[in-house]
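If you want the building blocks of each chain, they are given just below.
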Amino acid sequence: PPGLFSARLQRVKRGWVWNQFFVLEEYTGLDPLYIGKLHSDMDKGDGSIKYILNGEGAGTTFTIDDGTGDIHAIQRLDREVKAQYVLRAQARNRLTDRPLEPESQFIVKIQDINDNEPRFLDGPYQASVPEMSNIGTPVIQLTATDADDPAYGNSARVVYSILEGQPYFSVDAKTGVVRVSLADMDRETRENYTVVIQAKDMGGQLGGLAGTTTVNITLDDVNDNPPMFDQRLYQMSIPEVGPVGSVVGRIWARDRDVGVNAEMEYSIIDGDGRDTFDISTDPTNLFGIITVKRPLDFESKPSYTLKVEGANTHLDPALRHRGPFKDVTIVHVSVEDVDEPPLFDTPAYYVELSEDAEIGTVVKTVSARDPDAANNTVRYSIERSSDPEAFFYMEITSGALITVRSLDREEVGWHNITILAMEMSNPTQISSAQVAVRVLDVNDNPPSLTHYLEAYVCDSAKAGQLIQTVAAVDRDEPLAGQRFEFRLSPETVNNPNFTLRDNQDNTAGVLTRRGGWSQQDQTVFYLPIFISDGEQPVHTGTSTMTIRVCSCDHEGNVMSCNAEAYTLPASLSRGALIAILACIFVLLVMILLMLSLRTHRKKPFLCDEEENVHENIVRYDDEGGGEEDTEAFDIGAMWNPREAHHHPPGKVRQDMLPEIESLSRYVPQAIVGGVGGDSNVHGYVLAKLLDADMDACAPPYDSLQTYAYEGEGSVAESLSSLQSGASNTDHEYDYLNDWGPRFKKLAEMYGVLETNAAPMW
């Protein structure tokens, strides 16, 4: 409706009335802290208006009396936690809860009090300053922080002061800069200092709060102390055999400074040993190392004196007035006497000796002496490993090297001899020297041809044709070089076949004197060649060249040098010769084949060549000789088994004992277990006979020894049944009765024994 709309748009005059809201922090009273009062013009005091409080901390930190509008703080307020709160208030009808006025915003500010002391947030502190610093030299600046409001009173105005560390250091009250307050502080006297600094608020006035911190100050080293040797005189010694570079000793110029300010450099500035010894600084740059620069000799100089200087390497220009930063000391070095080995006058000798030198020639006389003051006698010898073939001998007292064998330059051109010198009083003191002997050449070897001791001449060669060029070699090596002369031996100078031409360049050519060569006349010629060298004394040598006559093609290439080819009949061609050889070869092959077939025919036949079972009854070492052989075994054991194991006294079997026990496991127990010795043997033989008859492929023998032929004296001839497998007919064994009493047992086994015959056992 228009009246309600116009009423909504009607501006309502605000009727809030309140005090300025400021409140001190850190209220410690028991009752809630009164903040202020809200009042609306529409409030008639009849309780119809209700005051509502919203915003930061409403209901938790601040409360309002909804009837009177009084605002209280119900919690402790801290400005350093929160400096102000923004709140909103509104008056509403208590019955309808309708707002009577728009919501209004106000701020509650917390007023500061001095409740926080200054703090050094980064303490304790570490600082350093060079020693010997001037007064007022800044060391470190400290800053303290106060949480109170700097805009309100003096709660946050800080003043600095020093509580501990005087009189060495001071602090600026306003800036907090710590400075040196004592001149010439020496690190070597005291290096570390502890300083306590205080910061106080309220401008340092009474009642202000204060905080402290610690500053640990270290004095940094500067080169303010010169080095100083701990000894004015050093005594050192070294054996005279000390090698170059060996350490004699070390010295030290002490410096109270540290680090680079204590580093030293040493030098020998004077003394009679400055050329014999050297000095250097060790890796730490603190010590001086004295070393040997030249070889020492006690007998020449037993002691030396060195003047050594040690100086700092890093100097501070501001402190040069405290110098000089160096010191000097004296070093006395004694050389100790050592029993040294003999000393040769030279470490190596070179000698030239002709190879024709006579035995006993003095090659070289060496000399060695004892370098010690005692000057002991020296004896000489040869190290045998340097002269294994013993060409030389060393005279033990004089040192003369003498030949004891003839020398040959062509065998050994150089001899490198090691000579040993030993002290008589101390055999352990031995020294050595090398003697190089060069063997000089003499003309003592005859020349000879190098190669081509065989040559050929074609049957078509003409007179004057060159067939070979030869050269000579001589083991000697004359200084002017080799010069050889070639000629034929006197007995062959006038031969009609060949001649020799000296080419004057240490070679010669062999030429023909005629033509018409034929292998049928002569196939080989021998040509002695006489060679002499051109050095005194002249040596000569003779080499024989073998020259063969060969058939050649039109280009001179050898085709054949065999004379037999020309002795064949003219009617027999090469093809015929090949045919004859082929026939002979075929004939030989046929003969070998026939012999092989005869050998295979005598071998025993087996059904299965892979199966060769030997059922050993008796093992023989050699072939039996038939019935007439009574030496191989005792046939009586076969005639009378009861006496097989009871031999008469004095009768010794010559054959090996039967190995019957090894086959007992194959005999059925029912058969073997019979009563009596006769039953045992008879049952065993019948069992084995049955096994053999049942197995068509079993070997037809029961002995290890295979009989290819029976003995010649046997009336039964061959007993072998190798060929019986090929016949299907039954065998007749009646003929066994005709063989006599010795074969009765065998006839009984095959069932052909006559009924009226008495049993053998």
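Definitions and limits used
- Residues numbered from 1 in each chain as written.
- Predicted model: local features only at pLDDT ≥ 70, side-chain atom pairs only at ≥ 80, totals over all residues.
- Heavy atoms only, no water.
- Helix = DSSP H or I, 4+ residues; strand = E, 2+ residues; numbered from the N terminus.
- Buried < 20%, exposed > 50% of the residue type's maximum accessible area, 1.4 Å probe, protein only.
- Contact = heavy atoms within 4.5 Å.
- Areas by Shrake-Rupley, 256 points an atom, 1.4 Å probe, with all protein chains shown as cover.
- Phe/Tyr/Trp six-rings, centres within 6.5 Å; stacked < 30°, edge-to-face > 60°.
- Pairing = 2+ DSSP bridges.
- Disulfide = S-S within 2.5 Å.
- Salt bridge = Lys/Arg side-chain N within 4 Å of Asp/Glu carboxyl O.
- Axes fitted to C-alpha atoms, helices over the stretch in contact; angles between N-to-C directions.
- Patch = residues over 30% accessible without salt bridge, like charges linked within 9 Å, V, L, I, M, F, W, Y side chains within 5 Å.
- Polar contact = N/O pair within 3.5 Å; in protein donor to acceptor, adjacent residues only side chain to side chain.
- UniProt positions renumbered as here; feature names shortened; annotations may be inferred.

1. What to know about the overall build of the chain
Along the backbone of the chain there are six helices and 41 strands. Relative to its 761 residues, the chain shows a buried fraction of 34%. Contacts in the chain between residues far apart in sequence, at least 24 positions, make up 66% of those at least 6 positions apart. Looking at the chain as shown, the accessible area adds up to about 45900 Å², and 53% of this sits on carbon and sulfur atoms.

2. Details of the packing of aromatic side chains
Counted according to the given criterion, the structure contains 12 aromatic pairs. Considering the side-chain rings of Phe-120 and Tyr-160, the 6.2 Å spacing of their centres and the 50° angle between planes classify their relative orientation as tilted. You can see Phe-120 sitting in the loop between strand 8 (104-111) and strand 9 (125-130) and its partner Tyr-160 sitting in strand 11 (residues 159-164), a full 40 residues away along the chain. With respect to class, Phe-120 is no different from Tyr-160; both count as buried. Taking the centre distance of 5.5 Å and the plane angle of 80° together, the rings of Trp-517 and Phe-525 count as edge-to-face. Each member of the pair, Trp-517 together with Phe-525, is buried. An aromatic cluster is present here, built from Tyr-168, Phe-169 and Tyr-193 joined pairwise through their rings.

3. Notes on the pairing of strand 39 (residues 524-533)
Of all 10 residues in strand 39, nine are buried; the element is thus mostly enclosed. Direction of pairing for strand 36 (residues 484-488) relative to strand 39: antiparallel, over a ladder of five bridges. Within the sheet, the bridge partner assigned to Arg-487 lies in strand 39 and is Phe-530. The pairing of strand 39 with strand 40 (residues 540-552) spans nine bridges and is classified as antiparallel. Residue pairing across strands places Phe-530 opposite Thr-542, the latter belonging to strand 40. Counting the residues between successive antiparallel strands, the hairpin from strand 39 to strand 40 contains six residues.

4. Quick word on the state of the cysteines
Following the criterion strictly, the structure yields two disulfides and no others. For Cys-458, the disulfide goes to Cys-552, at an S-S distance of 2.1 Å. Taking the sign of the S-S torsion, about -85° here, the bridge from Cys-458 to Cys-552 comes out left-handed. Of the two residues, Cys-458 is situated in strand 34 (residues 454-458) and Cys-552 in strand 40; the sequence distance between them amounts to 94 residues. The pair formed by Cys-458 and Cys-552 is uniform in burial state, with each residue classed as buried. Here Cys-550 connects covalently by a disulfide to Cys-561, the sulfurs 1.7 Å from one another. Given an S-S torsion of about 100°, the disulfide between Cys-550 and Cys-561 has right-handed geometry. One end of the pair, Cys-550, is in strand 40; the other, Cys-561, is in the loop between strand 41 (558-560) and helix 2 (574-601), and 11 residues separate them in sequence. Counting only the cysteines that form disulfides, in the order they appear in the chain, gives the pairing 1-3, 2-4.

5. Here we look at the pattern of salt bridges
In a structure, side chains of opposite charge can pair up when their charged atoms sit close to one another. Counting across every chain of the model gives 19 salt bridges. Across the pair Glu-191 and Arg-187 runs a salt bridge whose closest N-O atoms are separated by 4.0 Å. Its relative accessible area of 10% is what places Arg-187 among the buried residues. Between Asp-387 and Arg-384 there is a salt bridge, with the nearest N and O atoms lying 3.7 Å from each other. According to the relative accessible area criterion, Asp-387 is buried, its value standing at 2%. Residues joined in a network through salt bridges with shared partners are Arg-187, Glu-188, Glu-191 and Asp-221.

6. A few points about the sheet that holds strand 30 (residues 400-403)
The three strands are arranged 26-30-29 in an open sheet whose pairing can be described as antiparallel. At either end of the open sheet lies a strand with only one pairing partner, and these are strand 26 (362-365) and strand 29 (392-394). Averaged over all adjacent pairs, the angle separating strand axes in this sheet is 20°, with direction ignored. When strand 26 meets strand 30, the two strands line up antiparallel, connected through three bridges. Note that in strand 30 the partner of Thr-365 across the bridge is Ala-400.

7. Here we look at the pairing of strand 32 (residues 430-440)
The two faces of a sheet get side chains in turn, since along a regular strand they alternate between them. Here strand 25 (residues 348-354) runs beside strand 32; their pairing, made up of seven bridges, is parallel. When the bridges of strand 32 are listed, Ala-348 appears paired with Gln-434. Summarising the sheet, strand 31 (residues 414-423) and strand 32 pair through nine bridges and their orientation is antiparallel. Paired with Leu-420 across the two strands is Ser-432, which belongs to strand 32.

8. Topic: a nonpolar patch on the surface
A contiguous nonpolar surface patch, about 850 Å² in accessible area, is contributed by Leu-577, Ile-580, Leu-581, Ile-584, Leu-587, Leu-588, Ile-591, Leu-592 and Leu-595. You can see Ile-580 is positioned in helix 2.

9. Remarks on the sheet that holds strand 22 (residues 303-312)
As summarised here, the arrangement of the four strands in space is 17-23-22-19, forming an open sheet in which the pairing is mixed. Of all the strands in the sheet, the pair left with one neighbour each is strand 17 (233-239) and strand 19 (264-270). Between one strand and the next, the sheet's axes are offset by a mean angle of 30°, whatever the strand orientation. One ladder, built from seven bridges, connects strand 17 with strand 23 (residues 326-336); its direction is parallel. Note that in strand 23 the partner of Leu-233 across the bridge is Ile-330.

10. Overview of the side chain of Arg-79
Along the polypeptide, Arg-79 turns up in the loop between strand 6 (70-73) and strand 7 (84-93). Here Arg-79 falls in the buried class, since its relative accessible area comes to 14%. From its side chain, Arg-79 meets the backbone oxygen of Ala-147 in a polar contact 3.0 Å long. In this view, Arg-79 contacts Glu-25, Ile-110, Gln-111, Asp-112, Ala-147, Asp-148 and Asp-149; residues no more than four positions away in its chain are not counted.

11. Digging into unusual backbone geometry
A cis amide bond, omega -5°, links Gly-123 with the succeeding residue Pro-124. Among the structural elements, Pro-124 can be located in the loop between strand 8 and strand 9. In this structure, Pro-167 follows Gln-166 across a cis peptide bond, with omega equal to 5°. Looking at where Pro-167 falls in the secondary structure, it is placed in the loop between strand 11 and strand 12 (169-171). The phi angle at Met-132 is positive, at roughly 65°, despite the residue not being glycine. Along the polypeptide, Met-132 turns up in the loop between strand 9 and strand 10 (138-141). Classification of Met-132 as buried rests on a relative accessible area of 16%. With a phi close to 60°, Met-202 is a non-glycine residue in the positive phi region. Residue placement: Met-202 occurs in the loop between strand 14 (192-200) and strand 15 (210-220). A relative accessible area of 22% means that Met-202 is categorised as partly exposed.

12. Description of the UniProt feature "transmembrane region" (unreviewed entry) in the chain
Following the UniProt record, one finds the feature "transmembrane region" (unreviewed entry) at residues 576-595. Along residues 576-595 one finds 100% helix and 0% strand; the C-alpha atoms at either end are 30 Å apart.

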